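# Descriptive structure summary
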Amino acid sequence: MATLDTIKNILNESLDITDVTEESTFESMGIDSLDMAELISTVEDELDIEFGEPQNLETVGQLVAYIDSL
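To keep things clear, this report deals only with the structure shown in the data block. Note that the structure is predicted; figures quoted are calculated from it, not measured. (Residues numbered from 1 in each chain as written. Predicted model: local features only at pLDDT ≥ 70, side-chain atom pairs only at ≥ 80, totals over all residues. Heavy atoms only, no water.)

Once that is clear, we can look at the overall build of the protein chain. The number of helices and strands found in the protein chain is three helices and zero strands. Secondary structure of the protein chain in N-to-C order comes out as α-α-α. Relative to a compact globule of 70 residues, whose C-alpha radius of gyration would be 11 Å, the protein chain shows 11 Å and is just as compact. For the protein chain, the C-alpha atoms occupy an extent of roughly 25 × 25 × 20 Å along the three principal directions. Surface exposure of the protein chain reaches about 4500 Å², of which carbon and sulfur atoms provide 41%. (Helix = DSSP H or I, 4+ residues; strand = E, 2+ residues; numbered from the N terminus. Rg over C-alpha atoms; globule rule 2.2 N^0.38 Å. Areas by Shrake-Rupley, 256 points an atom, 1.4 Å probe, with all protein chains shown as cover.)

Under the defined criterion, the tally for this structure stands at one aromatic pair. A centroid spacing of 5.0 Å and a plane angle of 55° characterise the contact between F51 and Y66, whose relative ring orientation is tilted. Taken together, the residues F51 in the loop between α2 (33-47) and α3 (60-69) and Y66 in helix α3 connect sequence positions 15 residues apart. For Y66, a relative accessible area of 22% gives the class partly exposed. (Phe/Tyr/Trp six-rings, centres within 6.5 Å; stacked < 30°, edge-to-face > 60°. Buried < 20%, exposed > 50% of the residue type's maximum accessible area, 1.4 Å probe, protein only.)

Laid out in structure tokens, this is it:
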């Protein structure tokens with residue numbers, strides 16, 4: 001499964017957010033710091049990765065690019 005699809009599924013299942021694109025910002029989706037921490041934890045579990053401490057991730061596309069670079 002592509003990283004974008006994984007993120008879309010997690011957002012849909014965890015936060016009931018649909019219609020996610022690479023241009024979607026976390027702010028526009030109403031994702032706060034607690035939601036982001038939960039999202040990152042779930043992504044780490046789903047993709048079996050160690051996320052680290054990324055800075056300035058504002059869009060889903062930036063998150064996807066960061067994950068794909070790991």
